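# Secondary and tertiary structure notes
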Amino acid sequence: MNRPQTSSDDWQPCEPGTLQRLADRQRRGRRIAATKRIAVPVAAVALLFVVGLSFTRRDQPAHQPHGGLSCAEFARHIHAYAENQVDATLAGQMHQHALDCPRCQQKLDALRDAAATRFPAAAPGLPLPLGHITDGGRDLLALTESR
C-alpha cells in the first residue's frame, strides 16, 4: 500500500556546497575504482614478466667468448696474429674467434688489406716481415675500431 505523503516540511535545505562535496566524493570513488581495474592487471603482468626473465636467465649458460677469447683479447693480439707471431694455441683461438665474430673478422680483414696494400709483393697467407704492419696498419685498425 501506499505510504502517506509527507509534507515538504520534513525536508530541510542542504548547507551550501553539500551536494558538490557529495558529487566530488562519488567521482573520486569512480576514479579510484577505474584505476584499480587497470593497475591490478598491469602490475600482475609486470610481475610475471620479471619472474619470467629471472627464470630464463638461469636456464641460459654463461656467455662464452668466441673461440675462448673475448673481443678485447682478440684486439690485443690482432697484430701479432696477422704477422703469424703467436703460438699455435693462441692462433687457433684467434682463428676460431674470427670465424665466429663478424666484427673482429672485419678488423682482421682491414688490417690484412692495409698490409697487402703497403706490401703487394708479399704472398697471401705468408707472414709479413716483422714490424711492417704496425705502422699504417695500426692507424687503419684504429679507424675501423672507431666505427
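Up top you'll find the structure we're talking about.
In this text the structure is predicted, and so the values were computed from the model without any measurement.

## Some words on the overall build of the chain
Helices and strands together make up the secondary structure of the chain, namely five helices and zero strands. Reading the secondary structure of the chain in the N-to-C direction produces α-α-α-α-α. Of all 147 residues assigned to the chain, the portion counted as buried reaches 16%. Pairs at least 24 apart in sequence give 65% of the contacts found in the chain among residues at least 6 apart.

## Things to note about the state of the cysteines
Two cysteines, two sulfur atoms, one covalent bond between them: this is a disulfide. In total, this model carries zero disulfides according to the counting rule given. Here C71 is not disulfide-linked; the sulfur of C104 is the nearest cysteine sulfur, at 3.7 Å.

## Considering a nonpolar patch on the surface
On the surface, L47, V51 and F55 cluster together into a nonpolar patch covering about 290 Å² of accessible area. V51 gets classed as partly exposed once you look at its relative accessible area, which sits at 35%.

## Observations regarding a positive patch on the surface
Where like charges cluster on the molecular surface, the positive patch consists of R21, R25, R28 and R31. On the accessibility criterion, R25 (54% relative accessible area) is exposed.

## A short note on helix α2 (residues 71–82)
Given 3.6 residues per helical turn, the α-helix brings residues three or four places apart onto the same face. For α2, which comprises twelve residues, the first-to-last C-alpha distance of 15 Å matches the rise-based estimate of 16 Å (1.5 Å per residue) to within 8%. Among all positions in α2, only F74, I78, H79, Y81 and A82 are buried. An end-on view of α2 places all buried positions within 160° of arc, on one side of the element. With respect to the buried face of α2, the exposed residues turned more than 90 degrees away are A72 and R76. N84 sits one or two residues past α2 and shows a positive phi near 55°.

## A word on helix α4 (residues 102–118)
Under the 1.5 Å per step criterion, the end-to-end length of α4 is 24 Å for 17 residues, consistent within 8% with the ideal 24 Å. By the burial criterion, the buried members of α4 are C104, K107, L108, A110, L111, A114 and A115. On an axial view of α4, the arc spanned by its buried residues comes to 155°, and they lie on one face. Facing away from the buried side of α4 by over 90 degrees, the exposed positions are P102, Q106, D113 and T117.

What counts, and where the lines are drawn
- Residues numbered from 1 in each chain as written.
- Predicted model: local features only at pLDDT ≥ 70, side-chain atom pairs only at ≥ 80, totals over all residues.
- Heavy atoms only, no water.
- Helix = DSSP H or I, 4+ residues; strand = E, 2+ residues; numbered from the N terminus.
- Buried < 20%, exposed > 50% of the residue type's maximum accessible area, 1.4 Å probe, protein only.
- Contact = heavy atoms within 4.5 Å.
- Disulfide = S-S within 2.5 Å.
- Patch = residues over 30% accessible without salt bridge, like charges linked within 9 Å, V, L, I, M, F, W, Y side chains within 5 Å.
- Areas by Shrake-Rupley, 256 points an atom, 1.4 Å probe, with all protein chains shown as cover.
- Salt bridge = Lys/Arg side-chain N within 4 Å of Asp/Glu carboxyl O.
- Lys, Arg positive; Asp, Glu negative; His and termini not counted.
- Charge placed at Lys NZ, Arg CZ, Asp CG, Glu CD.
- Expected span 1.5 Å × (residues − 1).
- Arc of directions from axis to C-beta.

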